Structures are given as C-alpha cells and as structure tokens.
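Residue strings, one per chain:
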Amino acid sequence: PTFTEAEVARHNTKGDLWMILHGKVYDVTAFLGEHPGGAGALMSFAGKDGTKTFDMMHKATVLERYASKFEIGTVGPASDAVEKQPAGTATLPAAVASTPVPKITPESLGLQGTTNESWNSGGTAGLLPAERAKASFSVEKLTTFIDGGEDATRRRKFITGPGIARGLGDDKYHMDRHQLMERHFQDFIGVHKSFTEEGYRPQTDEISWMSQNSINSGSLMPHMGLFLPTLLGQASEEQQMWWLPRTMSFGMVGCYAQTELGHGSNVRGLQTQATYDAKTQEFILNTPTLRSMKWWNSNIGRAATHALVYAQLILDGKEYGIHIFLLQVRDEDHNPLPGIEMGDVGPKMGDHAIDTGYLRLSNVRVPRTHMMAKRQHVEPDGTYVKHSSGGGGDKMHYMTMMQARSGMMQNSGGKLAIAATIAVRYSCVRQQGFVDASADASFRAPENATLEYQVQQFRLLRQVANAYAMSFTGKWLGQWMFKRFTEVFSGSQQGADDLPEVHASSAGLKGLCTKLAADGIEDCRKCCGGHGYLLASGVASLGMDYVWQVTAEGDYVVMLLQTARFLLKSLDSARRGDALSGITECLAPLRDRRFDPRSLIPPPAQTPSGFMDLGYLEQLYKARAVIAIVDAGAALQEKLQSGRTQGEAWNDSALALVTAAQCHCFYFILLKFAESVRSCPAGPEQNVLRSVCALFACCNMVEGPGWAGVLDSKTAVVLNQSVEILLRRLRPDAVALVDAFDFHDEVLNSALGRKDGNVYEALFASAKKSTINQRQKFQGYEEYLRPHLDRKLLMLRNLPIPEDFDEMDDAAVASYVAKHSKSKL
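Keep in mind the model is a prediction, meaning the values are calculated, not measured.

About the thresholds
- Residues numbered from 1 in each chain as written.
- Predicted model: local features only at pLDDT ≥ 70, side-chain atom pairs only at ≥ 80, totals over all residues.
- Heavy atoms only, no water.
- Salt bridge = Lys/Arg side-chain N within 4 Å of Asp/Glu carboxyl O.
- Helix = DSSP H or I, 4+ residues; strand = E, 2+ residues; numbered from the N terminus.
- Buried < 20%, exposed > 50% of the residue type's maximum accessible area, 1.4 Å probe, protein only.
- Pairing = 2+ DSSP bridges.
- pLDDT = per-residue confidence, 0-100.
- Contact = heavy atoms within 4.5 Å.
- Axes fitted to C-alpha atoms, helices over the stretch in contact; angles between N-to-C directions.
- Parallel < 35°, antiparallel > 145°, perpendicular 65-115°, else oblique.
- Nonpolar A, V, L, I, M, F, W, Y, C, P; charged D, E, K, R; others polar.

Caption draft 1: Fine view of the pattern of salt bridges. All told, the structure shown has 37 salt bridges when counted by the stated rule. A salt bridge links D277 to R365; the nearest nitrogen and oxygen atoms lie 3.1 Å apart. Taken together, the residues span a long stretch of sequence, with D277 in strand β7 (residues 273-277) and R365 in strand β14 (residues 364-367) at a distance of 88 residues. On the accessibility criterion, R365 (39% relative accessible area) is partly exposed. A salt bridge links R365 to E282; the shortest N-O distance between them is 2.9 Å. You can see R365 sitting in strand β14 and its partner E282 sitting in strand β8 (residues 282-286), a full 83 residues away along the chain.

Structural data, given as structure tokens:
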C-alpha cells in the first residue's frame, strides 16, 4: 500500500510508531524496546522521514538486515481528495526544495596550512603561535577565573560540547531560511531532548554559556528562553504540572506574544483584549485593530503550537490591566486554528532561522483556566480574585521581560568577545604596509601585521576591554537577578520590594551594553577590511544576527530613560535623607543641601600612572555619575518651573536624562569590573586584568559623554598618554586575551578568526562552496545576457584581434582561433 506523508505523521506515539526511510514506510512499534540506541532515538522521528539521520548513523546493510520485517508500504502522493483546511486557511506546499550545500573543505581542495607561502598555502600557520608565545600570563588560568573555577570550566565545556560536535560550520552561510530552520530543529532537539528527559534544569551561568555559544539560533531559543520562564513565573502549580513537562519535552512549542504592531515598550498600552464570557467560562481573545495584532513574536510565524498572549483583561466591562493567556494556535497537523491568522513578518537583517511573526485573533476562545493564575484567577461567575500569596503583586507581570533584558545584557559581552576574537586574530595574520617604507624596497619585503598600527590597537583592544567589562558585569547581574527571582517566585516579599532597583538595573544595562556590543561588533568587522564584508568572516553574520537586541524588549534610549526615572527618584530620596538602594548609594551625600557634587572630583592625575589606579578611576566615574544625575534633575526642575507639564518637561530634558543614565551605568560596570579584578588571585592574570580594566575606563573617558568639567585640559593630555602606554603594554597579550574567552572554532564560525591562523585557505574553500559556483551559467544567462554578448569577440580566447575582424564571420574566427592555437602548442 501507498501512504501519504500526512498519514504517516499521525502514527507518532510509543503505542503506534511509523517512520519513513528511503521512501518506504515502517511500523517500528514492536521494535521500540529492542532498538540498541534506545526508544528515544526512534521517537525523535515518529511519524517523520528519518532517512538523513539514519544514513549518517548506519550502513545500508543495517536496513536490509533488521528493517524489512517492519516494512508496511511506500510513500506516495496525496490522493485527489484534499484534506479539509480550517476556515480562512490557504493551502500551502508542505516543503520547499533548497539547493544543497556542497561538501568542500580546504583539505578536499588540496590546500595546506604551512609557514611558507605557495600555490596551495597562505603561509600564515606560524603567526598566531608566535603571538601566543608573547603572552605575559597563563591563558588557562585566566579562562578558569572568568568561568568561576576549574569545575565551572569543565561544566561549560560539557554544556557547550554537544552543540559544537554537530559541526554545522560555514555551511550556515550558504543555506536558505528553510534549511536553517530545519537544521536548527534537528540540532536543538538533538542536543537538548536527552537532557530534558533526565530532568536537567540549567542554572544562570549555564544559560549564558548556551546563548553565547549558540551556532544557529532559531525558533526553539525563545521557546526555552521566554515561553518557559513565563510559565515558571506566572502559572499556578496546577498549570505548571500540566504544561511544563510538555514544554520541556517539546510536546508543544511556545511563543511569547507580547509586542504588537503598534506597541512595544509601553506594555500597559497593549491593545489585545481578553473579554470573559461567564456563560461558557471562556475568555474571548481579540486583536481588534490592525495596530493591535501581535508582531515581532519570535517563532509564531511557522513553528509555535501555543502562545502566551499578553492581553487587557475585561470583566463585565471593567478593565483589569495586562494578564497572560495560554492559547493553542495550531492543530495536530500544524494548521492554524479557526479565528487565528499567523505568518512570518518577512526577511530580516539576520537571525534567519527564527520565524519571527505576526498573530491576529478574531473571537478566539480559551478556557477560563488558561489565564496564568499564580497571583490571581477569575471565578466561574467572573469574580476577580487576587491571591494573598505568590509574591510580587501586579508588577510581577514584568518579570519575564526583565529576565529577558538581563539575559541580553549578559549575552552582550559574550557576543562582543566573539567579534573581538575574530578581529584580533585576523589583525595579527593580515599584513599591510612595508616594515621598511623606503621607496626602493622590494614588493617582497616584509610587511606589518595590521595590529601593529596604533589606531587598530585602540579600536580592537578597546573592544576587548569592553567585552571583559560587560562579561564580568553580566555574570554578577545574572546571579543577582536569579537570587531575586527565586525569592519572588517562592513568595518572598523581599524580592518584590527590590523590584524597582532590579528593573532599573536591567533596563539601563541592557540598553547600554547591547548598543556597545552592536557598535563594537560592527567596528570589529570594519577592522577586518574588505574580508569582513563576507559572511564567512563570521563577524558580518554575527553583527546582523545580533543587532536586533538593541531594540528588542525595549529600545536603547527607552531603557536608559527608565533608568533615569529611577535615578531621579533616588535623587529625591537622597535629598530627603531616605535609605537608598545599593547602586545609588553614591547619591547619599546629597542629603546635605549644601553639598557640591563637584567636590567628589579627585585631584587631577599628574602622571599616566594615576590612570592605572582603579581606585582613582572609580572616584572619577562616581563624580561624573553624581554630577550628571544632579544636572539632569536640575534641568527637569527648570522646565517644570517654567510651566511645562511633567511629560513636556521630561521630553525637553531627555538628552540630559540619557547622559545621566549612561554615566551611572558606566560607573556601575566599572565598579563590578574592578571588583572582579580584585577578586582574581594576585599574579600575572590579575596584572593583565588590571590593565584591561584601566583601558576600559580610559577609552570611555577619551570619547564618552559627561566628562566636560570633570577633566581639565592638562589632565586630558595625561589621559591620552595613559591610553598610549596601555596599548603598548597590552599589545603582546592581545591574542592571549581573546584566547582566554575560549570560543571554539565552530562557535566563531569564521574563516578570519581560526585558531590555527590559516585564514586564506579557509576563505578560498568557503568561496568554492558557494552555491552559485555549482553551475557555470547563472540563472537568466540564456534569456537576458547571452543575446547581447559579442560572440565573435568571445571566440578569440585572448588571441590578438585580426585587422579584418569586423568582416569575419563565425566560421572565419573559428578557423583563425584553431590556427593560432596550434601554433602555441
């Protein structure tokens, strides 16, 4: 018998398991308990075509020996009868043919990484080893310190190892969106399924390691990173017992549906509505206007089966604010349910394996029990009940968004570290400009590595310093947030009381650090010259995949203004003499109305060594932050006293407010970086970290906002001298510093940033792999170009043009070419 793929797909349980191999259908239900690789291996292809994976794991004889007795038929086309589609659903093709990526490597092309330049070698194999020999510290010891100890390093490698082992490589840059999504689901489930089935729950650092080392981020990242935490934070115990196991085992794929086409950061202004129908005990979900449709929701376009929908709760005509509802959006055959319209928002700059989408709802009903009920619920008669336990109150709806922002801040340091690793290594391999610049020097004369140039050092070592600063700060913030979330989720009021500080910290740091990372990644790309424009550089693709994080979950400026609002409240608290939260204690002296914030400025550094003193740098940053906050408060008060409304005064003071938030966040980052440096055991590793921390601080002082009036012109000259000294000091350690981030070549996925330095072999192999090179004539050649080409001219094949060429016909040219070609032999 012949079965359609849809018919096979229905047999996907342990009690009824079919699968497809090489066009044949097998009922392997009885073989489930006997399979040497365990039942899970077969279940991962229940109702699906497992040919690719089977062929990777087995010889052809295995199928003949073991599977023949389970064969029940073949796969064929669907019958004339069309399966019934939900109302309003268009019939779409089940799959799209993609051009396969050829298997090409430097080795398959005969290229060799050696120390001598030749036809098959760039001759750069010895350059990075020579750089590593200059290091003043132990890379292994610094890596261990960054991770948090030897056990943490082993844990990181264990956590990231399975993804690295799947070996996607630069095939990624030659794949279309369909191939990227397919590979993402194959790899993500292949790596995570066995862990989740064993009850594994990642901790804070482990989540950060996974995000930073992701190779093909896709639709299941938001499933685990947004949908799952929301269930943990907002669902009741009963709801969690039902939904969490299915979420962890991929029995459902979840989407976090908050942002709308017309609303983003202003969560209170969302327009999606959930009206309760007491007769049926259901909520009726609607996106009533064009602007109210859900938009930018990762994985709703094609992957998600369920969505956590943020909507305005309306009971008997009364508004109760934003609540969250669990909505099934697709059926057992992955078709949209009635009243639901979904799709992908279209091509984006990057992140092509994520089906970022839209969602429209028209009178879609969900059971009363599908409203997240950890802190409130609705009775059958429509009565709204607020729970006395559960912790956090109304503002806890923001917890998942805050966790996302915190995660983005942590991730920013790691992604910038990847870009810096690529650019620093390449800048030690790429040679440009003669060492001997005299006019009579041979073209074969030695050239400088581009990292020998001071401006290149400033641009790249600055990004290395930023990456270290954000990584250490992100690690601290992640642990801090985890502690607060644990307290709140357990019902502790302490965690809820700290919520304004948590929110302000995650907002400003997310805004600042994602922008620093995005700008830094782009500058690293530019430092790689023309080759940085290639996706194979790794840094170009990284930049496009990362840049959305600057605006996601709150735009850079909006985030800083949220922090500024908290800072001005803290300023008022300081002047009243109230207690201040930890990160705003620098404002405490302002309780004395006579206190001049400029008195916090330390005496000017007389020599460059002053700017190497982390304590002195902390004093400078503290003074700048306090002065900027006080100035922003004064600017706002001046506008209010002139008769402007609060909203008008706030907007007219926004530049000063953003500067204040930036200054405060930089001060916060420097404090945490310096704190980490001091916690490092004394020795070469602490010494190099101290220099990196000083460079981080000095670079921002050279170009950052808010330093006017803090540094005078003479001190600025000393500052510039300090930067020059730090660059010279750190230049020999440049490669070792990025090596200490310990990113595997599979994660870098860069022809330019390879650990072995064999850049040119990798670039050529990647070019040969390009799918457009797999056919000699491009699509459209015959129709649009060939009719216009001068055929006779092209027949000459670089021979001299005859004097009577214009009078010759094709046959005469062919004869001329044959005659002259023989004479060359």
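There is more to say after this.
Caption draft 2: Looking closely at the sheet that holds strand β5 (residues 71-75). Taken together, the five strands give an open sheet; going across it, the order is β1-β5-β4-β3-β2, and neighbouring strands pair in mixed fashion. Pairing within the sheet leaves two strands with one partner each, and these edge strands are β1 (2-3) and β2 (12-13). Strand direction decides the pairing type here: β2 and strand β3 (residues 16-21), joined by two bridges, are antiparallel. What sits directly across from N12, in β3, is L17.

Caption draft 3: Just the confidence of the model for the chain, in detail. Confidence along the chain averages 90 in pLDDT terms, with 92% of residues attaining 70 or more. For residues 78-90, every residue scores under 50 in pLDDT, and the model assigns this stretch 11 contacts once sequence neighbours within four places are set aside.

Caption draft 4: The packing of helix α17 (residues 556-576) against helix α20 (residues 654-679), seen in detail. It is the contact of α17 with α20, at a shortest axis distance of 8 Å, that shows an interaxial angle of 85°. With respect to α20, the element α17 is oriented roughly perpendicular. Across the interface between the two elements, Y556, V557, L560, L561, T563, A564, L567 and L568 from α17 touch A654, L657, V658, A660, A661, Q662, H664 and C665 from α20. The residue makeup of the contact of α17 with α20, split by class, is 13 nonpolar, three polar and no charged.

Caption draft 5: Region of the structure containing the sheet that holds strand β13 (residues 357-361). Spatially, three strands are ordered β9-β13-β12 in an open sheet, and the strand pairing comes out antiparallel. Each end of this open sheet is capped by a strand with a single partner; those strands are β9 (294-297) and β12 (340-344). Pairwise comparison of adjacent strand axes, ignoring direction, gives a mean angle of 20° for this sheet. Relative to β13, β12 is paired through five bridges, and the arrangement is antiparallel. Of the residues in β13, the one forming a bridge with G343 is Y358.

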